[in-house]
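# Descriptive analysis of the structure
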Amino acid sequence: MSSSIVENNSSVLLSTVKVVSTVCKGRSHELRLLLDSGSESNFLTEQSVRSLGLQVTKVPTSVQGICGTSSPVKGKVDFQFKSRFDENIKFSVKALVVSKISDNLPLHPVRTECLTHLKNVLLSDNEFNVSKPVDGILGAHMFSILLESGKIVGCENCPVAVNTTLGYTVMGGKSCVNPIQHNYFCGLINNPLENSLEHSMKKFMEIEDVPMATVCKPEDTICESMFKESFSRTDSGRFEVS
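First things first, this report covers the structure right here in the doc.

Rules of the game
- Residues numbered from 1 in each chain as written.
- Predicted model: local features only at pLDDT ≥ 70, side-chain atom pairs only at ≥ 80, totals over all residues.
- Heavy atoms only, no water.
- Helix = DSSP H or I, 4+ residues; strand = E, 2+ residues; numbered from the N terminus.
- Buried < 20%, exposed > 50% of the residue type's maximum accessible area, 1.4 Å probe, protein only.
- Contact = heavy atoms within 4.5 Å.
- Areas by Shrake-Rupley, 256 points an atom, 1.4 Å probe, with all protein chains shown as cover.
- Pairing = 2+ DSSP bridges.
- Phe/Tyr/Trp six-rings, centres within 6.5 Å; stacked < 30°, edge-to-face > 60°.
- Core = buried A, V, L, I, M, F, W, Y, C linked by side-chain atoms within 4.5 Å.

Scanning the chain for helices and strands turns up 4 helices and 15 strands. Per-residue burial for the chain yields a buried fraction of 36% across its 242 residues. Put simply, 65% of the contacts in the chain that link residues at least 6 apart link residues at least 24 apart. Taken as a whole, the chain presents about 15100 Å² of accessible surface, with 53% of it coming from carbon and sulfur.

Here you go:
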């Protein structure tokens, strides 16, 4: 779900957060998640699910993105995470499991000379400018829950820090990098799970339904009666009409 285009000296940041999730035996594991208001579902990568030791439940669905692209999911999981700064801030969510979210984000390291307005700000992802893997996505519902009032704005083309329950997340803007070819990540994701289940149930009911009795027209009934009265079967097993 990406397209390639050359754009000089610019890189738009997507909002990421770091959270803490508890794995088996009580150990903590840090996740780097993308906040995506364009996604109907939450997602985790297979690698993250293995690291957390989560049990995967199979689901008959796929993920649809821009231009109708579709990818199967490996299943769904339930997991919990908490803030890095306040362990009393906890959330329990359901997520679909996929093999990969995107390439490393941001696609290239971002120079921080123009980010002085973010100095001493409590950032949800303190490595937002470092190109690193993304472990999952928190979709539109979680995005709306986490969003708080307040933002920090710098110069015209600088990224903006938006306040969330997990700390400030940095997004947007254009930060200077070397001229490169970008593969832009598109976060518009639709989960057709409900439609898939509805379609499956409809097909199941069509198979299981008892055929309805056919109502004959009067003329058809007369023809059938005449046929029954006029044919007979010989001793050899052949049918003849009188």
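As paired strands, strand β11 (residues 160–164) and strand β12 (residues 167–171) are joined by 5 bridges and run antiparallel to one another. When the bridges of β12 are listed, Val 160 appears paired with Met 171.

Centre distance and the angle of the planes are the two values used to describe a pair of aromatic rings. Applying the stated criterion across every chain yields a total of 2 aromatic pairs. Between Phe 79 and Phe 81, the aromatic rings sit 6.0 Å apart at their centres with planes inclined by 35°, giving tilted as the arrangement. Like Phe 81, Phe 79 is buried. Put simply, the rings of Phe 79, Phe 81 and Phe 91 pair up and form one aromatic cluster.

Attention shifts here to the nonpolar core. Judged by nonpolar contacts, the single largest core of 21 residues is most densely connected at Leu 44, Phe 81 and Leu 138. Of all the secondary-structure elements, those providing two or more residues to this core are β2 (16–22), β3 (28–35), α1 (46–52), β7 (75–82), β8 (90–98) and α2 (140–146). Excluding its chain neighbours within four sequence positions, the residues that come into contact with Leu 138 are Val 17, Leu 33, Leu 34, Leu 35, Asp 36, Asn 42, Phe 81 and Leu 146. Listed in part, the 11 residues of the second largest apolar core include Leu 34, Leu 96, Val 98 and Ile 137.

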